[in-house]
Amino acid sequence: MNAAASRTRATRRPTPFKIASLAVITVVAVVVAYPFVRVVWRLFWVDGAPSVDPVERAFTAPGVGELVRDSTLIVAVAGACAVVIGSLLAWLNERTDARIRGITGIVPLLPFLLPSIAMAIGWTLLLSPRAGLLNVWLRDLLGLAGIEIETGPLNIFSIHGMIFCYFVVLVPYVFLFVSAGLRNMPGDLEEQARVAGAGSAGTFWRITLPGLKPSIAAASVIVVWFGFAMFSIPLIIGTPAGIDVLTVRIVRLINFTYPPRTDLAVSLSLFILVIVGGAWALQVRIMKSGMFVQAGGRGAHASTVRLGRLRWPARAFIAGFLVVSGILPVLGLLITALNGFWTPNIHWGDLGFDSFRRVWEDELTVSAFGNSLLLGAVAGTGIILFAALMAVHVRRDGGVVTRLLEAAIRLPIVVSGFIVIVGMILAYSGPPFELQGTFVLFVVAYMATSIPQASIVSDAAAAQVSDDMVEAASVSGAGDGRIFGRVQLPLMAPGLVAGWTLVFVNITGDMEVASMLASSRQPVVGFQLLDTYNKGEFADLAAMALMLVLITTLCVLIGTGLGRRLSGRSERRVRTARNK
Amino acid sequence: MTSLIRRAAATALTLAVTGALLVGCGGGAAEDAKRPRDPDQAALFDKAVDEKAVYVYSNLEEVLNKRLSDGYAKAIGLPVTIEKIASSSINTRFASEAEARAVRADILVSADCSFVRAQVGKGIVVAMNKANVPGYEKYPENFKLDGGAVPSIQTAPYGIGYNTDEINKAEAPTTWDDLLDPRWKGRILMTSPKGSATRVQVYDFLLESRGERFLRDLGAQAARFYPDTGQAVAALAAGEGAILIPTAGQVTGAGAKKGAPLAFNLPEDTTGAPLCAGLSAQAPNPNAARLFLSYLLSKSGSEAVNGVEELYTAGPFDQGVKLGEKYKQPATVTEETAAKVGAALGTG
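Residues numbered from 1 in each chain as written. Chains lettered and ligands numbered in written order. Predicted model: local features only at pLDDT ≥ 70, side-chain atom pairs only at ≥ 80, totals over all residues. Heavy atoms only, no water.

Caption draft 1: Representation of the overall build of chain B in the model. A count of helical and extended segments in chain B gives 12 helices and 11 strands. For 348 residues, the compact-globule formula gives about 20 Å, and the C-alpha radius of gyration of chain B, at 23 Å, lands near that figure. Overall, the C-alpha framework of chain B stretches about 70 × 65 × 40 Å when taken along its three principal axes. Relative to its full complement of 348 residues, chain B shows a buried share of 59%. As presented, chain B carries roughly 13800 Å² of accessible surface, and 51% of it is formed by carbon and sulfur atoms. (Helix = DSSP H or I, 4+ residues; strand = E, 2+ residues; numbered from the N terminus. Rg over C-alpha atoms; globule rule 2.2 N^0.38 Å. Buried < 20%, exposed > 50% of the residue type's maximum accessible area, 1.4 Å probe, protein only. Areas by Shrake-Rupley, 256 points an atom, 1.4 Å probe, with all protein chains shown as cover.)

Below is the structure:
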C-alpha cells in the first residue's frame, strides 16, 4: 500500500476532530438559522400550503424599482471605487517603498474605526450645504476670490455625497483583506518576474493581481454585503437627500410601521439575498478555480518594489486619503465636541473638554464601554476561531451537508440584521432558553451578524494555505486537531487577525444589535450613541465616538502587531518545513 | 502558537466569566416596604410582597426613570426595575416577547400610544379602566385615551423651534399659519414623518385642522426633511435653517442650556407627543405591577415624571407646561394616515 493511498483513506475516515468540528458547526448553524427560518417559514407557508406571496409583494411594493436602482447604483459605484483604491493602498503599503512603518498600515483603516453613525455625522458637520464647516471655510476662500455664494459649494445630502461616504467606509475592508492576502502570498514569483525584466506595473498586473484573486474576491463580497447592509449613513445622509435605500425601508417597516410589516420587510430583503448570494457564489467559484498562489508551497519573502520617482506621489496619495477619509470627519467631530454644539461660528478661545468630561463621568456610558469591549473581545475571538474551523472543515470535507450548514450560517444575515434579531427574541427569549435580558443573547445575535463576515476572511485565509503542508504534517503522523492547531491556524494567522479586527470593531461600534437588545440595564456603546443622537447632543456623541476610536485604535494596533508577528512566525515555519 | 491560543482561550474564559457576572443585576430589596393605608393598595401590597420586582420597559428619559423609582421606593418601598429601551425598538421588543410568551416587562411606558392602544385591542395589554388599579377612576379625563383604556402619563407639546442668530424673537413664528409666510421658504427644517408615528400625528393634526392644501404648502416651504429630531435640532443650532418643526421644547431647551442659539414657541392650538402606560396581560408580577401603576397614575407619580422643568412636559395633574385650551390629543396613526400625510408633504 503506497503512502498516497493510505493518506486518501485517512482523510476519508471520520476522525474525532472531524466529528467534533461537524458537531460544533451543526450546533452553530441551528442556533443561527432557526430564528430566521421561523420568521420566514410563516411568510412562505400560509394555511398549510406554500405561498409565493412574499415574492409577489417584493415586486409590487410601492417604489420598489427606484429603491433597488438607487441601492444598487450607490453600492456598485462606491464598491468598485473602494476595491480599486483599497487594493492599491494595500499594495503600496505591503509591497513598495512608499510604505512608512507604523503609518501607512494604519491610515486606510481610520474610517473603519469610527462607528458608522459618527462617520455620517462627521460628514454632516463638514458638508451640510449652509452650516457645514468645510463649506463655510471653502466659501470664505471663494470670497477672497470675489465669488460670493450662500450655500455649498459641496452638498453631502446628495447621491454623490452618499456614494462618497459609502466609498470611505468600504475602503478599509478591502485594504484589510488584500493586505492579509499580500502578506500571505510568497514574493518569489514577483521577484522572478522582475529579474526576467518585467517592470513594477507588469509584475503587479501579471503576477501579484492574479495571486490576490481570493482576497480581492472576498473583499468584493464584503463590499457588496456591507454596502447593502449599511443603515446609519443612508438614514442620516440619504433621508435629507430624499434618497431611500433598501435597508432603511426594511428597518422602517419593522420598527416604525404599525403594525410592523415584517412580511414586506422580508420580501424586500429577497433583493439583497439575490445580489449578495450572487457575489458569494462568484467568490466560491474563484476559490474553487485554485488559480492563485498558496502559502507554504514555494514561499519566499517578498522583496520591496522600488517606485523611484513615484515614491513621493504615492505617499502623497496615501496622505490624501488619510486627510479625506480619516482626519476631516474626526476634525469635524473634535471641533463640535470641544465647542459643545455644532456651529460654523467657532469661538476658538472658548473650546473646552466639557463634553468629554460629561461622557467620562456618566456611569451608564462607562458601563457601556466596558460591555462593548468585553463583548467585542470575547465574541470576536470565539467567532473568528469558529470561522477558521469552519473554513478548514469546508475545504477538506466540502460535502453537501457541510455546504448546507455553511449556507444556513451565512444566509440569514443577508435578509437584514433587524429581522434576524427579531427572530432571535422570538426564538430564544422564552422557555426553554430564557435568554431575555442576558448578554448570551447578544453573543448569539453577534454570531448571526458576524460569522458570515468572519468566514469570508477565514475562507480566503484557508484557501491560501497549501494542501502540501497539511499532507506533509499528516504523513508525519499528526492528527487533524494537531494539524489545525499547529499548521493551519498559524498559516492563516494574518488573515484571521484581520478578521478579528473586523469583527471586534464591528461589535464595539455595532448599532443594529444595540438598538434592538440593549437598554439602560444592559448598555453598550451603540445604545448610548443612539440615545445621544436622538437627543441631538452631537457634542457628546462626538466625544463618545472619539473615545471609542482611541480605544479601538489601540486594540487594532495590538491586533495588527500580533498579525505581523504571527505572519513572521508562519513564514519561518514554512521555510523550515520546506528545507526539511 | 499553541501557547498563544491557550493564553487567548484563558483570557476569553476570564472575560466570559466576568461578562456572566454582569448579567442580571437589578431589582432591589423590600426591606423598607411600607404597607399603604388605602385598603385597595394594601390588598395589592400583601400579594405583591410575594412577587418579584415589578419590571418596566420605558421610553422615559433616564433622569425621570430614576425619579420614578426613587419616588416609588419612598412611597411604597417595594422593588422596581425600570429599563430604558430605545424608542425605535421598544414596541418590537415588547410585541416579540409577548408572542414568544416570554414576557419580562409587567408594564410598558411607550412613546407610541398608537401601539399601546392597538395592544389593548389585541388583548396583549390590559385596558387600564378594567385593570383594577387603585385610584385610576380619579385620573384626569383629558389624559385618558380610548375612554380610559390607555392613560397618557406625560405629553410633550409640539411647537416651533428657531435659531436666535437667524431670527429675532419678535419676528419668530408663533402659530403654525405663520410658517407659510414666503420669507421662510427654504428656511424651514422639518422632521420626516417617515421615521415616527408621533410625527405623523402632528402633521395629521395640521392636515385635519387646516386642510390638505395647508400641508402641501407647508411641505413646499421645507429646506430639508431630517430623519430624526436630534439631527434636525443640531442642524438648526448650526444655522442650516432658521426654523424647525415639529419639535418639543425639551430638545431646543437642552441645546440652549449648552449655549446653542435655540428658542421655542408653543402655538396655542397644537398637539403633542404623549407617553402611554400599559399593563401586560401576561405580567409576571401582576399585583406588584398594579401597585406600581397606582403610584405612577397618582399625583406623586406624575410629579416624578413631569416635575423637571427643563424637560418641558405637561402632566395630568397640571404639572409642567400649561397646555392651551385648544390643545388636542393626537389621533391614532394608521397606514392610511401616514400615506395621506406623506403624500401631502411630498415625502412619499
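Caption draft 2: The overall build of chain A, seen in detail. If you tally the helices and strands in chain A, you get 25 helices and two strands. Taking 25 Å as the expected radius of gyration for a compact globule of 580 residues, we find that chain A reaches 25 Å, a close match to that expectation. Buried positions account for 60% of the 580 residues belonging to chain A. A separation of at least 24 residues holds for 80% of the contacts in chain A among residues at least 6 apart in sequence. Accessible area of chain A: about 22500 Å², with a carbon and sulfur share of 65%. (Contact = heavy atoms within 4.5 Å.)

Caption draft 3: View of empty space enclosed by the protein. Taken as a whole and judged by the stated rule, the model has five cavities of 30 Å³ or more. The computed volume of the largest cavity comes to approximately 160 Å³. As for the largest cavity, its lining consists of 18 residues, and the residues nearest its centre are Phe341(A), Gly536(A), Glu537(A), Phe538(A) and Gly255(B). Looking at the lining of the largest cavity, the elements with two or more residues in it are helix H25 (538–579) of chain A together with helix H8 (229–238) and helix H9 (249–257) of chain B. Across the lining of the largest cavity, the residue classes break down as 11 nonpolar, three polar and four charged. (1 Å grid on protein atoms, 1.4 Å probe; cavity = no way out; pocket = protein on both sides within 12 Å on 5 of 7 lines; lining within 4 Å. Points joined across faces, edges and corners; volume = space filled by probe spheres on them. Nonpolar A, V, L, I, M, F, W, Y, C, P; charged D, E, K, R; others polar.)

Caption draft 4: Summary view of the pairing of strand E6 (residues 150–163) of chain B. All names here are of chain B. Of all 14 residues in E6, 14 are buried; the element is thus mostly enclosed. Judged from the two bridges that link them, strand E5 (residues 144–145) and E6 form a sheet pairing that is antiparallel. Looking at the pairing, Lys144 lines up with Pro151 of E6. Of the strand pairs in this sheet, E6 and strand E11 (residues 272–280) are connected by five bridges, and their pairing is antiparallel. Across the sheet, Ser152 pairs through a bridge with Cys276, a residue of E11. Examined bridge by bridge, E6 and strand E9 (residues 243–248) share four bridges and lie antiparallel to one another. (Pairing = 2+ DSSP bridges.)

Caption draft 5: Focus on a nonpolar patch on the surface. Residues and elements named next belong to chain A. A surface patch of nonpolar side chains, about 500 Å² in accessible area, is lined by Trp137, Val323, Val324, Ile327, Leu331 and Trp348. At four residues, the largest contribution of residues to the nonpolar patch is made by helix H15 (residues 311–339). Locating Val323 in the fold gives a position in helix H15. The exposure class of Val323 is partly exposed, given its relative accessible area of 38%. (Patch = residues over 30% accessible without salt bridge, like charges linked within 9 Å, V, L, I, M, F, W, Y side chains within 5 Å. Salt bridge = Lys/Arg side-chain N within 4 Å of Asp/Glu carboxyl O.)

Caption draft 6: Region of the structure containing the state of the cysteines. Residues and elements named next belong to chain B. Applying the stated criterion across every chain yields a total of one disulfide over all chains. There is a disulfide in this structure between Cys113 and Cys276, and the S-S distance comes to 2.1 Å. Linking Cys113 and Cys276, the disulfide has an S-S dihedral of approximately 100° and is accordingly described as right-handed. Pair noted here: Cys113 is in helix H5 (residues 113–122) and Cys276 is in strand E11, with a separation of 163 residues, a long-range link. (Disulfide = S-S within 2.5 Å.)

Caption draft 7: Expanded view of the interface of chain A and chain B. Tallying the contact residues gives 64 residues for chain A and 65 residues for chain B. Together chain A and chain B conceal approximately 5300 Å² of surface at their shared face, both sides included; 58% is due to carbon and sulfur atoms. At the boundary of chain A with chain B, the tally comes to six salt bridges. Of the charged contacts in the structure, one is a salt bridge between Lys194(B) and Asp244(A), with a shortest N-O distance of 3.4 Å. Run the count over chain A and chain B and you get 13 residue pairs in polar contact (both at pLDDT 80 or more). Taken together, the elements giving at least two residues each to the side of chain A that touches chain B come down to helix H12 (232–241), helix H13 (246–255), helix H17 (363–396), helix H19 (417–428), helix H22 (480–508), helix H23 (512–517), helix H24 (525–534) and H25 of chain A. Take the side of chain A that touches chain B: its biggest share by element is six residues, from H25(A). Residue composition of the side of chain A that touches chain B, by class: 31 nonpolar, 19 polar and 14 charged. (Buried area = accessible area lost by both parts, 1.4 Å probe. Polar contact = N/O pair within 3.5 Å; in protein donor to acceptor, adjacent residues only side chain to side chain.)

Caption draft 8: Seen up close, the packing of aromatic side chains. Within the structure shown, the criterion is met by 20 aromatic pairs over all chains. Ring centres 5.6 Å apart and planes at 40° place the aromatic pair Phe17(A) and Phe484(A) in the tilted group. Taken together, the positions of Phe17(A) in helix H2 (residues 16–44) and Phe484(A) in helix H22 put the pair 467 residues apart, joining distant regions of the chain. Residue class for Phe17(A) comes out partly exposed when judged on its relative accessible area of 26%. For the pair Tyr72(B) and Phe292(B), a centre-to-centre distance of 4.9 Å together with 80° between the ring planes defines the contact as edge-to-face. Remark: Phe292(B) occurs in helix H10 (residues 286–296) and Tyr72(B) occurs in helix H3 (residues 62–75); sequence separation between them is 220 residues. The pair Tyr72(B) / Phe292(B) is uniform in exposure class, with both members buried. An aromatic cluster of at least three residues, connected via ring pairs, comprises Tyr34(A), Tyr428(A) and Phe433(A). (Phe/Tyr/Trp six-rings, centres within 6.5 Å; stacked < 30°, edge-to-face > 60°.)

Caption draft 9: Geometry of the domain arrangement of chain B. All names here are of chain B. Looking at the assigned domains, one finds that chain B contains domain 1 (35–154 + 274–311) and domain 2 (155–272 + 327–345). Measuring from the centre of the C-alpha atoms in domain 1 to the corresponding centre in domain 2 gives 30 Å. The contact between domain 1 and domain 2 buries some 1000 Å² in all, and 46% of this surface belongs to carbon and sulfur atoms. Where domain 1 packs against domain 2, one counts one salt bridge. A salt bridge links Glu310 to Lys257; its shortest N-O distance comes to 3.6 Å. (Domains from an automatic or database assignment.)

Caption draft 10: Region of interest: the packing of H3(B) against helix H11 (residues 299–306) of chain B. Residues and elements named next belong to chain B. Relative to each other, H3 and H11 sit at 155°, their axes nearing to 8 Å. What the angle tells us is that H3 and H11 run roughly antiparallel. H3 and H11 meet at a crossing whose hand is right-handed. For the pair formed by H3 and H11, the contact residues are Leu64, Arg67 and Leu68 on the first element and Gly301, Glu303, Ala304 and Val305 on the second. For the contact of H3 with H11, the class distribution of residues is four nonpolar, one polar and two charged. (Axes fitted to C-alpha atoms, helices over the stretch in contact; angles between N-to-C directions. Parallel < 35°, antiparallel > 145°, perpendicular 65-115°, else oblique. Left-handed = near helix turned anticlockwise from the far one by under 90°.)

Caption draft 11: Local environment of the pattern of salt bridges. Applying the stated criterion across every chain yields a total of 31 salt bridges over all chains. In this structure, Glu406(A) and Arg403(A) form a salt bridge, with 2.9 Å as the shortest nitrogen-oxygen distance. Taken together, the residues Glu406(A) and Arg403(A), both in helix H18 (residues 400–410) and three residues apart, mark about one turn of the helix. The class for Arg403(A) is partly exposed, based on a relative accessible area of 29%. Taken together, the shared-partner salt bridges connect Asp244(A), Arg249(A), Arg252(A) and Lys194(B) into one network.

Caption draft 12: Examining the pairing of E9(B) more closely. Residue and element names in this part refer to chain B. Counting buried residues along E9, six of its six residues qualify, which places the element largely inside the surrounding structure. By the bridge criterion, three bridges tie strand E7 (residues 188–191) to E9 in an arrangement that is parallel. Counted as the bridge partner of Leu189 is Leu244 from E9.

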